[in-house]
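The chain contents come next:
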Amino acid sequence: MVHSAYDSFELLRGCPTKIDAVASYASKLFVGCSDGALRVYAAESDRSSSSSDYLGQAQELRKEGYALERTVNGYSKKSLLAMEVLASRELLLSLSESIAFHRLPNLETFAVITKAKGANVYSWDDRRGYLCFARQKRVCIIRHDAGRGFVEVKEFGVPDTVKSMSWCGENICLGIKKEYVILNATSGALSEVFPSGRLAPPLVVPLPSGELLLGKENIGVFVDQNGKLHQAERICWSEAPSVVVVQKPYAIALLPRRVEIVQLTASGNFEEALALCKLLPPEDASLRAAKEGSIHIRYAHHLFDNGSYEEAMEHFLAAQVDITYVLSMYPSIVLPKTTLLPETDKLVDSDPDAVHLSRGSSGASDDMDPSSASHFGDFDEHSALESKKMSHNTLMALIKYLQKRRYNIIEKATAEGTEEVVLGAVGDNYGHYDSSRVKKSGKGRGNVAINSGAREMAAILDTALLQALLLTGQSSASVELLRGHNYCDLKICEESLQKRHHYSALLELYRSNAMHREALKLLHQLVEESSSGKSEVTHKFKPEDILEYLKPLCGKDPMLVLEFSMIILDRCPTQTIELFLSGNIPADMVNSYLKQHAPNMQGRYLELMLAMNESAISGNLQNEMVQIYLSEVLDLHAELSDQNKWDEKAHYPTRKKLLSALEGISGYNPEALLKRLPPDALYEERAVLLGKMNQHELALSLYVHKLHLPDLALCYCDRVYESATHQPSTTKSGSIYLTLLQIYLNPSKTTKNFEKRITNIVASRSTSIPKVSSASGTKTKGGRGAKKIAAIEVADDLRVSPSGTDSSRSDGDTDEISPEDSSTIMLDEVLDLLSKRWDRINGAQALRLLPRQTNLQNLMPFLGPLLRKSSEANRNLSVIKSLRQSENLQVKDELYKYRKTVVKISGDSMCSLCHKKIGTSVFAVYPNGKTLVHFVCFRDSQSMKAVTKSTTTTLRKW
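Residue numbers restart at each chain and count upward from 1, following the sequence in its written direction. Given that the model is predicted, a residue must reach a pLDDT of at least 70 before its local features are reported, and side-chain atom pairs must reach 80 or more before they are shown or counted; all residues, however, enter totals for whole chains, interfaces and linings. Calculated side-chain values reflect all of the structure's heavy atoms, with hydrogen atoms and water omitted.

Participant: How should the sheet that holds strand β22 (residues 250-254) be read in this particular structure?
Facilitator: The strands making up a sheet associate through backbone hydrogen bonding, with each pair oriented either parallel or antiparallel. Should DSSP find at least two bridges between two strands, the strands are regarded as paired. Helix and strand definitions follow DSSP, with helices as H or I runs of at least four residues and strands as E runs of at least two, each counted in order from the N terminus. What the three strands build is an open sheet, ordered β21-β22-β23; its pairing is antiparallel. Looking at which strands have only one partner, the edges of the open sheet turn out to be β21 (243-247) and β23 (259-260). Relative to β23, β22 runs antiparallel, the two sharing two bridges. Along β23, the bridge assignment pairs Ala253 with Glu260.

Participant: What is the right way to look at the state of the cysteines in this model?
Facilitator: Only a pair of cysteine sulfur atoms within 2.5 Å qualifies as a disulfide here. Scanning all chains against the criterion turns up zero disulfides. This cysteine, Cys132, is not joined by any disulfide, and Cys168 carries the nearest cysteine sulfur, 9.4 Å off. Looking at Cys911, it has no disulfide partner, and the nearest cysteine sulfur is the one in Cys914, 3.6 Å off. Since its relative accessible area comes to 1%, Cys911 is described here as buried. We call a residue buried when its accessible area falls under 20% of the maximum for its residue type, exposed when it is over 50%, and partly exposed in between, using a 1.4 Å probe and counting protein chains only.

Participant: Even after reading the chapter, I still don't get the packing of helix α24 (residues 735-745) against helix α28 (residues 827-836), so can you show me in this structure?
Facilitator: To describe two helices that pack against each other, one gives the angle between their axes and the distance between the axes. Between the N-to-C directions of two axes lies an angle of 0 to 180 degrees, each axis being a line fitted to C-alpha atoms and, for a helix, fitted only over the stretch in contact. As a packed pair, α24 and α28 sit with axes 9 Å apart at the nearest point and diverge in direction by 160 degrees. What the angle tells us is that α24 and α28 run roughly antiparallel. Crossing hand, α24 versus α28: left-handed. For the pair α24 and α28, contact is made by Tyr737, Leu740, Leu741, Tyr744 and Leu745 and by Glu829, Val830, Leu833 and Leu834, respectively. By the definition adopted for this analysis, an angle is roughly parallel if under 35 degrees, roughly antiparallel if over 145, roughly perpendicular if from 65 to 115, and oblique otherwise. Each crossing gets its hand from how the near helix is turned against the far one by less than a right angle, where anticlockwise is left-handed and clockwise is right-handed. In this analysis, two residues are considered to be in contact whenever any of their non-hydrogen atoms come within 4.5 Å of each other.

Participant: Just checking my understanding: could you explain the packing of aromatic side chains for this structure?
Facilitator: Two descriptors summarise a pair of aromatic rings, namely the distance from one centre to the other and the angle between the planes of the rings. Here is the rule: rings of Phe, Tyr and Trp (six-membered ring for Trp) pair when centre to centre is within 6.5 Å. Planes less than 30 degrees apart are stacked, more than 60 are edge-to-face, and the remainder are tilted. Following the criterion strictly, the structure yields 13 aromatic pairs and no others. Ring geometry for Phe110 versus Phe150: centroids 6.1 Å apart, planes at 75 degrees, classification edge-to-face. Of this pair, Phe110 sits in strand β8 (residues 109-113) while Phe150 sits in strand β12 (residues 149-157), placing them 40 residues apart in sequence. Owing to a relative accessible area of 24%, Phe110 belongs among the partly exposed residues under this scheme. Given a relative accessible area of 17%, Phe150 falls into the buried group.

Participant: Could you clarify how one ought to interpret the pairing of strand β11 (residues 138-145) in this entry?
Facilitator: Consecutive side chains along a regular strand alternate between the two faces of the sheet. Note that strand β10 (residues 130-135) and β11 share six bridges and pair antiparallel. From the neighbouring strand, Cys132 faces β11, where its bridge partner is Ile141. Counted between consecutive antiparallel strands, the loop separating β10 from β11 contains two residues, among which Gln136 sits at a positive phi close to 50 degrees. Here β11 pairs with β12 via eight bridges, running antiparallel. Note that in β12 the partner of Ile141 across the bridge is Lys154.

Participant: Whenever I open this one, a nonpolar patch on the surface confuses me. Can you help?
Facilitator: Nonpolar side chains (Val, Leu, Ile, Met, Phe, Trp, Tyr) are joined into patches within 5 Å and like charges within 9 Å, using only residues with over 30% relative accessible area and no salt bridge. Computed with the Shrake-Rupley method and a 1.4 Å probe, the accessible areas treat only the protein chains shown as cover for residues. When a carboxyl oxygen of Asp or Glu is within 4 Å of a side-chain nitrogen of Lys or Arg, the pair counts as a salt bridge. Taken together, the side chains of Val243, Val245, Leu254 and Val259 present a nonpolar region at the surface, about 330 Å² in accessible area. Judged by its relative accessible area of 40%, Leu254 falls in the partly exposed class.

Participant: Whenever I open this one, the nonpolar core confuses me. Can you help?
Facilitator: One recurring pattern in soluble globular proteins is that nonpolar side chains are buried together. Buried residues of nine kinds, namely Ala, Val, Leu, Ile, Met, Phe, Trp, Tyr and Cys, make up a nonpolar core once their side-chain atoms join them within 4.5 Å. In this structure, Phe316 and Tyr605 are the most contacted members of the largest nonpolar core, which totals 160 residues. The element contributing the most residues to this core is helix α8 (residues 453-471), with twelve residues. In contact with Tyr605, other than residues within four places in its own chain, are Ile577, Phe580, Leu581, Ile585, Ala587, Val590, Asn591 and Leu594. Counting 25 residues, the second largest nonpolar core, distinct from the first, contains Leu212, Leu213, Val221 and Ala251.

Participant: Looking at this structure, how should I read the pairing of strand β1 (residues 19-25)?
Facilitator: Pairing analysis gives six bridges linking β1 to strand β2 (residues 28-33), with the strands arranged antiparallel. What sits directly across from Tyr25, in β2, is Lys28. Where β1 hands over to β2, the hairpin turn is made up of two residues, of which Ala26 adopts a positive phi near 55 degrees.

Participant: Help me understand unusual backbone geometry in this model?
Facilitator: Most peptide bonds are trans, and most residues other than glycine sit at a negative phi. Cis geometry is found at the peptide bond from Leu104 to Pro105, where omega equals 10 degrees. Tracing the backbone shows Pro105 in the loop between β7 (99-103) and β8. Although it is not a glycine, Gln320 sits at a positive phi angle of roughly 55 degrees. Along the chain, Gln320 falls in the loop between α4 (309-319) and α5 (323-327). Judged by relative accessible area, Gln320 falls into the exposed class, the value being 55%. The phi dihedral of His915 is positive, around 60 degrees, even though this residue is not glycine. Checked against the element boundaries, His915 lands in the loop between α30 (860-899) and β24 (923-925). With a relative accessible area of 57%, His915 lands in the exposed category.

Participant: How should I be thinking about the pattern of salt bridges in this particular structure?
Facilitator: When their charged atoms lie close together, side chains carrying opposite charge are able to pair. As enumerated under the stated definition, the model contains 25 salt bridges in all. Measuring nitrogen to oxygen at the nearest pair gives 3.0 Å for the salt bridge that ties Glu548 to Lys551. Given a relative accessible area of 44%, Lys551 falls into the partly exposed group. Salt bridges here are not isolated pairs; linked through shared partners, they connect Lys115, Arg135, Arg138, Glu152 and Glu155.

Participant: Would you mind going over the sheet that holds strand β14 (residues 171-176) with me for this structure?
Facilitator: Pairing within the open sheet is antiparallel, and its four strands lie in the order β13-β14-β15-β16. The open sheet has two edge strands with one neighbour each: β13 (162-168) and β16 (190-195). Direction aside, neighbouring strands of the sheet carry axes that sit 20 degrees apart on average.

Participant: So what exactly am I meant to see when it comes to the confidence of the model for the chain here?
Facilitator: The predicted coordinates of low-pLDDT regions are not to be read in fine detail. Each residue carries a pLDDT value, the predictor's own confidence for that position, ranging from 0 to 100. Counting all residues, the mean pLDDT for the chain is 76, and 77% of those residues have values of 70 or more. For the stretch residues 341-383, pLDDT sits under 50, and the model shows 107 contacts to residues farther than four places along the chain or on other chains. Between residues 430-450, whose pLDDT stays under 50, and residues either more than four places distant or in other chains, the model counts 42 contacts.

Participant: Would you mind going over the packing of helix α23 (residues 710-725) against α24 with me for this structure?
Facilitator: Here α23 crosses α24 at 155 degrees, and the two axes come no closer than 9 Å. Between α23 and α24, the angle is such that the two are roughly antiparallel. Along this stretch, α23 crosses α24, giving a crossing that reads as right-handed. Every residue of α24 that contacts α23 at Pro710, Ala713, Leu714, Tyr716, Cys717, Asp718, Val720 and Tyr721 is listed here: Ile736, Tyr737, Leu740 and Tyr744.

Participant: Could you clarify how one ought to interpret the side chain of Asn513 in this entry?
Facilitator: Within the secondary structure layout, Asn513 lies in the loop between α11 (503-512) and α12 (516-532). Identification of polar contacts relies on pairs of N or O atoms within 3.5 Å, with a donor-acceptor requirement for protein atoms, meaning one able to donate a hydrogen and the other able to accept it, and with residues adjacent in sequence counted only if both atoms are side-chain atoms. Polar side-chain contacts of Asn513 include one of 3.4 Å to the side chain of Ser512.

Participant: What am I meant to see in helix α14 (residues 558-565) here?
Facilitator: Because an α-helix completes one turn every 3.6 residues, residues spaced three or four positions apart along the sequence face the same direction. Counting buried positions along α14 gives six out of eight residues, so the element sits mostly inside the fold. Along α14, the residues that are buried comprise Pro558, Leu560, Val561, Leu562, Phe564 and Ser565. The inward-facing, buried residues of α14 contact α12, α13 (543-550), α15 (573-582) and α16 (587-597).

Written as structure tokens, this is what we have:
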């Protein structure tokens with residue numbers, strides 16, 4: 001299978017200088033050379049002919065060698081830029097330093113357009129005899145008048161230097177800088193066509209049909225005389241051409257390294273064309289790849305137009321076109337704005353404008369929206385059904401195509417993001433960061449950074465894929481896409497999801513872009529609508545959904561968590577508080593927020609927090625929790641007192657909670673709480689608070705004389721005793737029982753001025769405390785929450801002092817007192833205390849406190865075990881004393897033994913260090929009794945080589 005579009009043949013060789021321009025007239029060949037000469041070449045068969053009449057010779061070039069016929073020296077002063085034969089007027093047009101016309105065939109000068117000096121491009125309209133040319137930023141139009149030569153018609157200014165131009169009907173198409181424009185030859189008005197590309201210069205090629213072929217990098221686009229695109233036709237070259245000549249059915253392009261022709265796809269022989277590409281030699285691998293890509297693209301369009309959408313996508317995939325090219329066939333899918341640069345090594349332009357050029361290139365793509373059915377003409381009911389089916393099929397094919405392309409594109413985008421982070425870190429450390437690279441916003445991926453090509457392509461892909469999934473009803477797949485790592489454009493996808501009420505996917509879109517506040521607002525709205533039954537979606541949203549959304553945010557944005565947790569706190573109190581606890585939100589922050597927005601839940605939170613870990617919350621929070629409990633008990637007391645139902649000894653649930661907190665928590669301020677207690681109730685709470693202030697006598701007096709509960713008084717003493725045994729203290733721990741003993745023996749003394757003593761203690765401890773409003777302890781109209789807040793504000797940052805006394809009297813002071821009347825003494829309680837805690841009470845002091853008339857028989861339960869313990873302790877001490885004395889005698893005997901050691905010094909005794917005689921000098925002897933040294937020598941040297949390592953350094957001075 002071999003196909004040849006053209007044959008190549010060498011016409012001439014050996015031209016003495018460089019050839020700048022070539023034109024043919026009949027069988028003659030005009031060659032413009034760099035030396036300014038015009039050389040005319042003729043076929044060798046014509047030169048042998050005697051006739052010089054052009055009309056009698058062949059009217060076309062011959063496939064044979066050509067030889068120089070004549071040379072016209074000085075034809076141009078500068079190198080020729082272009083040369084064209086105007087056959088209908090028998091003229092030769094040349095562009096050099098200006099534009100000149102010569103008559104054919106003798107080349108006499110016909111006209112020189114002096115105004116065209118400096119022109120760089122021109123276009124000739126042979127039908128009307130109009131010539132337009134451009135110099136600098138001006139475009140001039142002249143007309144050929146057979147009688148008067150050339151007449152100037154118009155001159156217009158343009159925005160920039162014209163690179164290429166051609167007549168298109170009555171107007172002129174200009175390629176200037178980076179765009180194509182249409183110039184109205186009458187008014188000079190300019191209308192834009194499209195950008196021309198960024199690497200290759202613009203190229204305007206007139207076609208015999210009157211249309212134009214406009215170059216955009218390596219693509220040729222067909223437009224009509226008004227600049228309107230012909231979507232179905234385009235030409236792709238392996239490189240951007242510099243010159244293109246169209247000779248139907250072929251387009252011949254001059255590339256930097258070759259002349260390129262192939263046009264088999266015009267007849268639909270795609271498989272044959274692809275097979276032909278395989279026959280290209282290995283050294284033309286790049287050319288083969290370019291041609292195969294071009295054929296795959298045309299084949300894909302052919303398949304797409306005929307309903308084979310998935311097969312078409314396979315060929316687009318094989319052509320390795322940018323996804324923007326394929327997406328241009330889907331007008332209903334909105335794409336994000338992009339700043340991508342075109343890739344010259346690809347067959348298809350990846351510039352965003354290429355999408356614009358290709359939009360609607362296939363008629364089947366206009367059916368994506370139900371409103372676009374008019375693109376297909378007048379449909380009957382059956383046609384509308386087929387159109388809807390075709391729309392679904394086209395989108396399904398697109399989804400599969402995008403999913404196949406997604407992995408590599410997302411991988412490149414991720415790598416690009418990683419590289420940017422690394423460069424940013426290096427720039428922060430060393431100050432060498434490229435300022436042209438713009439970092440992405442930390443808010444999310446809605447706005448892609450400039451110069452981030454891979455991420456922009458990923459944004460285009462994910463945005464299009466999401467819309468395609470929504471258009472085909474795949475809501476669950478869209479949620480999965482947004483739940484994973486994605487680059488969906490925020491604005492476009494948000495509008496699309498809102499329009500179709502896909503709120504689950506919209507929540508994931510907000511989450512992936514870190515727009516948590518917007519997501520939570522939407523979620524709250526959906527929960528409210530679901531609870532009221534007004535929701536437009538089938539999925540019902542619950543308050544638990546808000547909690548699940550908030551869980552990952554606890555460590556990132558705790559204030560946002562607190563703000564939106566308040567709206568569901570009443571509905572899910574336990575779950576919400578557990579969220580605070582499991583999310584490790586600072587307790588002070590949560591307490592402050594609850595205090596302001598939900599005071600009725602503040603105590604519940606502090607309870608759970610304390611139950612988890614008491615040390616995890618500060619003393620200030622412990623104080624607030626106790627204040628809240630006390631407020632609840634005071635409310636209960638006031639309510640029951642009004643009904644005459646208050647029982648001082650009854651432990652209501654709220655009161656149990658308060659007492660447990662008072663006894664088990666140590667971080668609150670007892671003075672502030674004591675001031676809030678009523679004078680005629682809550683004696684047990686008052687006793688616990690006095691105990692925290694080390695006012696044990698007053699606390700025990702409350703248990704004994706107000707509550708009449710000796711068992712509680714004894715339990716109180718046990719707690720104090722046991723806590724004191726674990727702490728170093730100068731006061732004996734057993735003195736607390738003596739204090740209780742004194743209360744039993746002197747009831748009138750301990751109850752005298754009882755309330756006044758408590759008031760004095762609180763006042764003396766509050767001298768450094770700022771005054772607060774007394775209204776904190778009274779009942780207000782603000783409700784329960786308001787009373788709690790007021791009460792908590794009273795409890796400022798006070799702490800319990802480490803020790804305290806009752807009116808400067810220590811609990812250990814047990815001076816002998818005069819007993820009261822025997823009728824008032826609580827003797828039974830005294831005897832019971834002595835019998836139960838005989839091992840913790842100082843017996844001598846207890847006996848000194850008892851009244852003289854106490855029956856000794858009643859003291860047997862106390863004195864019996866006490867004396868037995870004392871006798872046993874006495875015997876043990878006697879044994880220990882004997883052992884100590886024996887040990888002392890042994891040590892003394894050993895000392896005497898060492899002191900009896902005799903050292904004899906003779907005239908021959910030598911110092912072991914200096915090896916001199918000891919003489920009458922002060923000397924020292926080592927414990928072995930043999931080694932002698934001068935004391936001075938030993939002092940100067942601390943290590944002796946003569947002494948073994950096991951010998952001690954203890955010496956005796958003599």
